[in-house]
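Below are the chains, spelled out letter by letter.
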Amino acid sequence: MIIKQALISVSDKTGIIDLAQRLIDCGIRIISTGGTAKLLSEAGISVLEVSNYTDFPEMLDGRIKTLHPKIHAGILARNDLPDHQQALDHASILNIELVIVNLYPFRQTIAEKNSTLMDAIENIDIGGPTMIRAAAKNYQKVTVITDPLDYSSLCSELEANNGSISLTTRFKLAQKAFAHTASYDSAISNYLTALDENFHQKDFPESLNLNFTIAQNLRYGENPHQKAAFYRDSIIPLGSLANYQQLQGKELSYNNIADTDAAWECVKTFDKPACVIVKHANPCGIAISESILHAYQLAFATDPISAFGGIIAFNRALDKDTTEKILKQFVEVIIAPEITPEAQQLLLQKNNIRVLVVPLQTGNSIYDLKRIGGGLLVQTPDSYNIEESDLTVVTQAKPTPQQLDDLLFAWRAAKFVKSNAIIYCRNGQTIGIGAGQMSRIDSARIASIKAQQAGFTLTNAVVASDAFFPFRDGLDVVVQAGATAVIQPGGSIRDDEVIAAADEQGISMIFTGIRHFRH
C-alpha cells in the first residue's frame, strides 16, 4: 500500500520533527492539527492544517479538532470498494493511508499529587482514540502508529519499499493500536469508577480493568502438562521483578519467576546487607550481616538441604568472593541489584545459572491479585513494616537490645513465609522455619526439627509467629525448644492465657497488633 497522505496529531512530540521530515522525503503529504502543525511549520516542514483541510475551525478549547467526515471518511474508506472511492471523490476527500497519533497524558495527569477531577477530565482524549480505532479497523489500507519507538522502523520500511508498508506490518501495528486504546480506556474507567457520589476516592473501583503485555511464552506452567506465559503490567512499579535484565542462563520457567519474585520482594525489605534463599515459594534461609558473603553463608546454613536448587536473592551487588561460595552449590536463579564484572566472569563457569539484575528501588503494585473460579480476589499489598515504636511488651520479662533486634528481624522474615509461619532466629539469621502448616503447633514443631537437622541448638533463640497463638500449647513448644523471646500479633481470646504461660516460663513476649498471613 503506497502512502500518499499522513495525518499527524500527537501529544508527546518526541521525535516528531525527524519523522515528519523523513515522510516528506518519501513524498508523503502531511495533514496535522494545530499544536503539531505549528511545531512542524516552525521547523520548516510543509504541512496542511486540519482546519484548513476540513474548512472547519478547531473549537471548544481544542475539544473539536479531527472529529470531521473529511478526516474519518479518509481513514475508513476501503480501497477495495469502488463505491467508497467514488464517495470520497464526490466529497473532495483525500485518502489517508498513515495515521500517527498519541493521546493526552491521562495517566501522567492523575499520577500528579495535586491533580483534580477536572484535570483528569480535560486529559481524556476523544478525537485521538477515534482516529486510532478507525485506522486500526481499516488496517488493510491504513498504517497506524501510536508509539514513538516505532517511528524509526516505519521510516526504514517506507524508504526500503518506495513509500509502502506491508500488510504484515500494518496488522501488527493495528493490534498494538487496539491494545493501546484499550489500556487508555481502562485507566479512565478505573479512575472514574473509584470515585464515590461525592467525588471522593474509594479503595477499589467498581469496574477493575487490567492490562498486561506478554513478555514471553514459557516452556510450561507449574507442571509440564500446563501451558504458560509471563505478562508484564502496563505500568511496572520501580524495582519490581518485571524490570529484570537477564545476564546469562537458561530461559526462566513459570516456577522460576514465581519463586524469584518471592525472594526479591523479601530481600528488598532489609536495610543491612541481606541474602534470601527461596524454595517452592517459601524462604528456606534469610540472614543479614555486614557483608553479603556472610549473609549468604548464614542464610545457606539455615537449611542446606532445601537450599539445593533454590533461588538466591541479594540486596547488594554480588561480588567475586560471594560468587565463589555460591558456585559450590546447585542454584537455579541468582538475583541482585548489580553483579560485579569479576562475579560475572566467574558465573560463566556455570552458564546455565539464570542471573538477573533488577534496580533496588521500593515500589509496590497498586493491587495484589489472585484468581478464583469465576472471579478475582483483590487487595492492597502487604507493605506494612513495623518499627520498634509499634511494639508492646506484654510480659514481665523485657527483651534485651539484641533480642529486640532479632525479634524485628524475625518478624520481617515471617511476613514472607506461608501461613501458618513459625520462625526461629538468632543474631540476624533464621535457624528454623516452619511454613504452610494447617496448625500453628505443627509449624512450631517443624521449625524445631529443621533447626536440629541443620545442627542448630535453639537456646536463646527468638521466635516470630505470623498470627496469634490460639492456645498456649504452641508457645510451650517453642519455649521448650529453647526460645527466650517471642513476637506475635496478639488478638486471641486467650491472650491472657498465653501471656500467663510466657510469664510462667520467664520469657519476654511482644505484641505487634498486626498479622502477616500469606496464602
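Residues numbered from 1 in each chain as written. Predicted model: local features only at pLDDT ≥ 70, side-chain atom pairs only at ≥ 80, totals over all residues. Heavy atoms only, no water.

## Details of the overall build of the protein chain
- Regarding its fold elements, the protein chain presents 19 helices and 21 strands.
- Here the C-alpha atoms of the protein chain give a radius of gyration of 30 Å, more than 25% beyond the 24 Å that 2.2 N^0.38 yields for 519 residues.
- Each of the three principal axes of the protein chain carries a C-alpha extent, and together these read 95 × 60 × 45 Å.
- Among the 519 residues that make up the protein chain, the fraction classed as buried is 48%. (Helix = DSSP H or I, 4+ residues; strand = E, 2+ residues; numbered from the N terminus. Rg over C-alpha atoms; globule rule 2.2 N^0.38 Å. Buried < 20%, exposed > 50% of the residue type's maximum accessible area, 1.4 Å probe, protein only.)

## Observations regarding unusual backbone geometry
- Omega for the bond connecting Ser419 with Asn420 falls within 30 degrees of zero, at -10°, which places this linkage in the cis form.
- Here Asn420 lies in the loop between helix H16 (401–414) and strand E17 (422–426).
- The backbone of Ala281 shows a phi angle near 75°, a positive value even though the residue is not glycine.
- Tracing the sequence through the fold places Ala281 in the loop between strand E9 (274–279) and strand E10 (282–288).
- Positioned with a positive phi, Asn460 is a non-glycine residue whose angle comes to about 65°.
- With respect to the helices, strands and loops of the structure, Asn460 is situated in the loop between helix H17 (440–453) and strand E19 (462–465).

## Some thoughts on the packing of helix H4 (residues 69–76) against helix H8 (residues 127–137)
- Relative orientation of the contacting elements H4 and H8 amounts to 25°, with a least axis distance of 8 Å. It follows from the interaxial angle that H4 and H8 lie roughly parallel. Residues Ile71, His72, Ile75 and Leu76 of H4 form the contact with H8, whose own contacting residues are Thr130, Met131, Ala134, Ala135 and Lys137.
- Broken down by class, the residue content of the contact of H4 with H8 amounts to 6 nonpolar, 2 polar and 1 charged. (Axes fitted to C-alpha atoms, helices over the stretch in contact; angles between N-to-C directions. Parallel < 35°, antiparallel > 145°, perpendicular 65-115°, else oblique. Contact = heavy atoms within 4.5 Å. Nonpolar A, V, L, I, M, F, W, Y, C, P; charged D, E, K, R; others polar.)

## Regarding the state of the cysteines
- For the structure shown, the criterion picks out 0 disulfides.
- Lacking any disulfide linkage, Cys425 is separated from the closest cysteine sulfur, that of Cys266, by 11 Å. (Disulfide = S-S within 2.5 Å.)

## Section: the side chain of Thr36
- Along the chain, the position of Thr36 falls in helix H2 (residues 34–42).
- Setting aside chain neighbours within four positions, we find Thr36 in contact with Ile8, Ser9, Val10 and Lys13.

## Observations concerning the domain arrangement of the protein chain
- Each assigned domain of the protein chain is listed here: domain 1 (5–194), domain 2 (245–357) and domain 3 (389–511).
- Averaged C-alpha coordinates put domain 1 and domain 3 at centres separated by 62 Å. (Domains from an automatic or database assignment.)

## A closer look at helix H1 (residues 16–25)
- Those residues of H1 that fall on the buried side of the exposure criterion are Ile16, Leu19, Ala20 and Leu23. Down the axis of H1, the sector holding all buried residues measures 95°, keeping them to one side.
- Contacts made by the buried residues of H1 are with strand E1 (5–10), strand E2 (29–32), H2, strand E4 (98–102) and helix H9 (151–160).
- Taken from the residues just after H1, Gly27 is the one with a positive phi, measuring 80°. (Arc of directions from axis to C-beta.)

## Thoughts on the sheet that holds E1
- Here we have 5 strands laid out as an open sheet, ordered E3-E2-E1-E4-E5, and parallel in their pairing. With one partner strand each, in any of the chains shown, strand E3 (48–49) and strand E5 (143–145) form the two edges of the open sheet.
- As judged from the 3 bridges shared by E4 and E5, these two strands associate in the parallel manner. When the sheet's bridge partners are listed, Ile100 is paired in E5 with Ile145.
- Helix-sheet contacts for H9 involve E1, E4 and E5, and the interaxial angle to E4 is about 170°. (Pairing = 2+ DSSP bridges.)

## Observations regarding the pattern of salt bridges
- According to the stated counting rule, one finds 15 salt bridges in the structure shown.
- Among the ionic pairs, Lys450 bridges to Asp303, the shortest N-O distance being 3.1 Å. On the criterion of sequence distance, the pair formed by Lys450 in helix H17 and Asp303 in the loop between helix H12 (292–302) and helix H13 (304–307) is long-range, its members being 147 residues apart.
- Close ionic contact of Arg472 with Asp476 constitutes a salt bridge, the shortest N to O distance being 3.0 Å. Of this pair, Arg472 and Asp476 both sit in helix H18 (residues 472–481), 4 residues apart, which is roughly one turn of the helix. (Salt bridge = Lys/Arg side-chain N within 4 Å of Asp/Glu carboxyl O.)

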